[in-house]
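# An overview of the molecular structure
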Amino acid sequence: MPVVLREAWTTLVPDMNDRHGPLPPLMLALTVVTGLVDAVSYLQLGRVFVANMTGNVVFSGFAFAGAPGFSLAASLVALAAFGAGALTGGLLVHHSHAHRGRMLLHALCVETVCVLAALVVTLISGSPYDGGVRFALIVLLALGLGAQNAVSRSLAVPDLTTTVLTLTITGIASDGRLAGGGGSRAGRRILSAAAMLAGALVGAVAVLHGHPVLPLVLAVAILAVVCLAASVLARDDGPWTRPVVKK
């Protein structure tokens, strides 16, 4: 089997005795969630991201410069809510740091509640989402994704950050043998990019074809499945559950 395919397969069907055990496919599922919710935020809430904070910093610069179509208030609210979500996720992560399964479960419970609350808001208000509804959705979704980022950072599964792809894509090119590296781990990295693309594609198609609530329905469904898996894994005691020692 080619190396790329083998890397992809072991990401989707990991060895439970591996250092990261069952975590890689769960991180891929959360990456799909990122694509779904950012499709909602960018296409329906007005050029703002709830998961990609690099984009919001850039958008803030555009807004300061007076570029049309960018809301400084929306970008700053998203940044603040994301930070609050990351703080909450960090508190939960450090509380359950001794077991990575429980760490994941606790943070995902917060994220699921936030995204579910956003879904309820969309169902009650109806589209288009403007005024207070728009900012409520930005806050709820950014809070949830902030918690997701906190736990993915602490789990530290290589090349599966769930939101940031710049370094992942850089690694495909810069770590490969063509560049003199030892190996690009392209199989896993391509899967990560494909998961984000799939979420964004499905979310965008749903929004553009008159189903604005569908991306959040799918995001909640995926989060529910991952939470269920995490609740089972929280009772495991395999080697993967021990915290990663960061250098």
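Residues numbered from 1 in each chain as written. Predicted model: local features only at pLDDT ≥ 70, side-chain atom pairs only at ≥ 80, totals over all residues. Heavy atoms only, no water.

Our next topic: the nonpolar core. If you look at the biggest cluster of nonpolar residues, it comprises 51 residues, and the most contacted ones within it are Met27, Val37, Leu104, Leu141, Leu155 and Leu216. Per element, the largest residue contribution to this core is 10 residues, and it comes from helix α2 (residues 23-44). Excluding residues within four positions of it along the chain, leucine 155 makes contact with His20, Leu23, Met27, Arg100, Met103, Leu104 and Val244. (Core = buried A, V, L, I, M, F, W, Y, C linked by side-chain atoms within 4.5 Å. Buried < 20%, exposed > 50% of the residue type's maximum accessible area, 1.4 Å probe, protein only. Helix = DSSP H or I, 4+ residues; strand = E, 2+ residues; numbered from the N terminus. Contact = heavy atoms within 4.5 Å.)

Residues Trp9, Leu12 and Val13 make up a contiguous nonpolar surface patch of roughly 310 Å² in combined accessible area. By secondary structure assignment, the location of leucine 12 is in helix α1 (residues 3-12). (Patch = residues over 30% accessible without salt bridge, like charges linked within 9 Å, V, L, I, M, F, W, Y side chains within 5 Å. Areas by Shrake-Rupley, 256 points an atom, 1.4 Å probe, with all protein chains shown as cover. Salt bridge = Lys/Arg side-chain N within 4 Å of Asp/Glu carboxyl O.)

Time to look at the pattern of salt bridges. Summed over the entire model, instances satisfying the criterion amount to 1 salt bridge. Aspartate 159 is paired through a salt bridge with arginine 189; the nearest N and O atoms lie 2.8 Å apart. Taken as a pair, aspartate 159 in the loop between α6 (131-155) and α7 (166-174) and arginine 189 in helix α8 (residues 186-208) lie far apart in primary sequence, 30 residues in all. Residue aspartate 159 shares its accessibility class with arginine 189, and that shared class is buried.

Cis geometry marks the peptide bond from serine 127 to proline 128; its omega dihedral reads 0°. Although it is not a glycine, aspartate 159 sits at a positive phi angle of roughly 70°. By relative accessible area, which is 12% here, aspartate 159 ends up buried. In this model, threonine 162 sits at a positive phi of 75°, which is unusual for a non-glycine residue. Of note, threonine 162 is situated in the loop between α6 and α7.

Here helix α4 (residues 72-95) spans 35 Å end to end across 24 residues, near enough to the 34 Å set by a 1.5 Å rise per residue. Burial in α4 covers these residues: Ala74, Ser75, Ala78, Ala81, Phe82, Gly85, Gly89, Gly90 and Val93. Structurally, α4 contributes buried residues whose contacts are with α3 (53-64), α5 (100-125) and α6. (Expected span 1.5 Å × (residues − 1).)

Time to look at the environment of glycine 89. With respect to the helices, strands and loops of the structure, glycine 89 is situated in helix α4. On a C-alpha basis, the gap between glycine 89 and glycine 144 in space is 8.9 Å, while along the polypeptide they are 55 residues apart. Aside from chain neighbours lying at most four places away, what touches glycine 89 is Ala147 and Ala150.

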